[in-house]
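Here is how the chains run, residue by residue.
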Amino acid sequence: MFSQNSVSALATEFDKLSRIMGAKDVDTTFSGDGAYTNGSAINLPAMDMTAEITPEHQAIMRGYHIHEVSHVTDTDWALTKKRRDKNLHRIWNCCEDVFVERKAMEKYAGARKNLEKTIDHVLGKESEHWAAKPQDQAERERTWWEEIPYAALQQARKEMGYESEAIDEYLAGLPKQLAKEAKRWSGKMQDTDDSMEAEKLARTIKRRMSKLGRENDESEDEEQQQQQQSQTPLQG
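Because the structure is predicted, anything quoted here is derived from the model rather than measured.

Peer 1: Hey, could you go over the overall build of the protein for me, with residue numbers and the actual values?
Peer 2: Along the protein, the regular secondary structure elements total 10 helices and three strands. Beginning at the N terminus, the succession of helices and strands in the protein can be written as α-β-β-β-α-α-α-α-α-α-α-α-α. Its C-alpha atoms give the protein principal-axis dimensions of about 85 × 35 × 30 Å. Looking at the protein as a whole, 43% of its 236 residues qualify as buried. Within the protein, contacts between residues separated by at least 24 positions form 71% of all contacts whose residues are at least 6 apart in sequence.

Peer 1: Could you give me a rundown of the side chain of aspartate 97, with the residues and numbers involved?
Peer 2: Tracing the sequence through the fold places aspartate 97 in helix α4 (residues 86-107). No salt bridge is formed by the buried aspartate 97; the nearest opposite charge belongs to arginine 157, separated by 4.5 Å. Polar side-chain contacts of aspartate 97 include one of 3.1 Å to the side chain of histidine 67. Beyond its immediate sequence surroundings of up to four residues, aspartate 97 is in contact with His67, His71 and Leu153.

Peer 1: Account for the state of the cysteines, naming residues and giving values.
Peer 2: Inspection of the entire model under this criterion finds zero disulfides. Cysteine cysteine 94 remains unbridged, with the sulfur of cysteine 95 as its closest cysteine sulfur at 6.9 Å. For cysteine 94, a relative accessible area of 7% gives the class buried. Owing to a relative accessible area of 0%, cysteine 95 belongs among the buried residues under this scheme.

Peer 1: Break down the nonpolar core for me, citing the residues and quoting the values.
Peer 2: Within the largest apolar cluster, 58 residues are counted, with the highest numbers of intra-cluster contacts made by Phe30, Met61, Ile66, Ile148, Met189 and Ile205. Element by element, the count of residues in this core is highest for α4, at nine residues. In this structure isoleucine 148 touches Leu178, Glu181, Trp185, Ile205, Met209 and Leu212, once residues within four positions along its chain are discounted.

Peer 1: Describe the sheet that holds strand β1 (residues 27-30), listing the residues and the values that go with them.
Peer 2: Reading across from one edge, β1-β3-β2 is the order of the three strands in this open sheet, with mixed pairing throughout. Taken across any chain shown, the strands that pair with only one partner, and hence form the sheet edges, are β1 and β2 (36-37). With two bridges connecting them, β2 and strand β3 (residues 41-44) associate as antiparallel partners. In the sheet register, threonine 37 faces β3, and the bridge partner there is isoleucine 42. Contacts between helix α1 (residues 7-20) and the sheet are confined to β1 and β3, with β1 contributing the most and set at about 150° to the helix.

Peer 1: Lay out the pattern of salt bridges in plain terms, naming residues and giving numbers.
Peer 2: Summed over all chains, the structure comprises 19 salt bridges. The shortest N-O distance in the salt bridge between glutamate 199 and lysine 82 comes to 3.6 Å. Here lysine 82 lies in the loop between α3 (77-80) and α4 and glutamate 199 lies in helix α10 (residues 195-231), a separation of 117 residues in the sequence. Given a relative accessible area of 40%, lysine 82 falls into the partly exposed group. Glutamate 146 is paired through a salt bridge with arginine 90; the nearest N and O atoms lie 3.5 Å apart. Of this pair, glutamate 146 sits in the loop between α6 (134-142) and α7 (148-159) while arginine 90 sits in helix α4, placing them 56 residues apart in sequence. Glutamate 146 sits in the partly exposed class, given a relative accessible area of 35%. Using a relative accessible area of 31% as the deciding quantity, one classes arginine 90 as partly exposed.

Peer 1: Could you give me a rundown of the packing of α4 against α7, with the residues and numbers involved?
Peer 2: At a minimum axis distance of 9 Å, the contact between α4 and α7 shows a crossing angle of 10°. If you check the angle between α4 and α7, you find them roughly parallel. In this structure, α4 uses Arg90, Ile91, Cys94, Asp97, Val98 and Glu101 to contact α7, whose residues at the interface are Pro149, Tyr150, Leu153, Ala156 and Arg157. Of the residues in the contact of α4 with α7, the class split is seven nonpolar, no polar and four charged.

Rules used throughout
- The numbering scheme is per chain: residues are counted from 1 as the chain's sequence reads.
- Residues qualify for local features only when their pLDDT is at least 70, as the model is predicted, and side-chain atom pairs are given and counted only at 80 or more; totals for whole chains, interfaces and linings, by contrast, use all residues.
- In computing side-chain properties, one takes all heavy atoms of the structure into account and sets aside hydrogens as well as water.
- Secondary structure elements follow DSSP: runs of H or I of four or more residues count as helices, runs of E of two or more count as strands, with numbering from the N terminus.
- Note on classification: 1.4 Å probe, protein chains only; a residue is buried when its accessible area is under 20% of the maximum for its type, exposed when over 50%, partly exposed between these limits.
- Throughout, a residue-residue contact means that at least one pair of heavy atoms, one from each residue, lies within 4.5 Å.
- As used throughout, the charge tally considers Lys and Arg to be positive and Asp and Glu to be negative, leaving His and the chain termini uncounted.
- By salt bridge we mean one thing: a side-chain nitrogen of Lys or Arg within 4 Å of a carboxyl oxygen of Asp or Glu.
- For this analysis, a polar contact is any N or O atom pair within 3.5 Å, provided that within protein one partner can donate a hydrogen and the other can accept it, and provided that sequence-adjacent residues contribute only side-chain to side-chain pairs.
- Disulfides are defined as cysteine sulfur pairs within 2.5 Å.
- The set of buried Ala, Val, Leu, Ile, Met, Phe, Trp, Tyr and Cys residues whose side-chain atoms join them within 4.5 Å is what this entry labels a nonpolar core.
- Only strands that DSSP links by at least two bridges are regarded as paired with each other.
- Throughout, an axis means a line fitted to C-alpha atoms (over the contacting stretch in the case of helices), and angles, computed between N-to-C directions, take values from 0 to 180 degrees.
- Roughly parallel means an angle under 35 degrees; roughly antiparallel means over 145; roughly perpendicular covers 65 to 115; every other angle is labelled oblique.
- Three residue categories are used. Nonpolar comprises Ala, Val, Leu, Ile, Met, Phe, Trp, Tyr, Cys and Pro, charged comprises Asp, Glu, Lys and Arg, and polar comprises the others, including Gly.

The quantities given are spatial measurements derived from coordinates; they are silent on function.
Quick look at the structure:
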């Protein structure tokens, strides 16, 4: 894809790319700091309309756009209206991301290169966030099983051929137990081919997370009891 160094030019390019990927009637807007879609429109993070966009930033924005367009074309939007708790929705979204990105790469040869740039950008920001909040990072490590869906998503991307230093660094820093669970579920995520299969897998992963959570809570309770017993003075 040729270089576009203004927001308006990039927006025109995105309209063409949407049509190439099968979403010809989708409008793209730029506002806020998030990328999302409702199935009929796509929003990307706001940009200065007067600024010249660097090639790096262009690639990041293309990756956002490609990811959201693939949700438009391949997510079952009737299924998204089904009521589910926030935790299940989070897990399901990670499963969805794997199969929609795989679909995107099947439709558009340049998808992976741009998705890699976006993932590097997102994971880099997350790394800075956790480094600045050591107490939150410590709690995150304590409840490592809560991150299984996200870790499995990054592991799946690695296995799908993404060349990303940020993914490599993220995976290298995982606790041993979390890395094991990520590898356990990444292949199953890649095997899903539609939203219904992704939701079914999400429910299975949620049950696994709940089981691990209970086991770790019981282990912590036992450890606390042992500490209390060791600190109790002997009666004589």
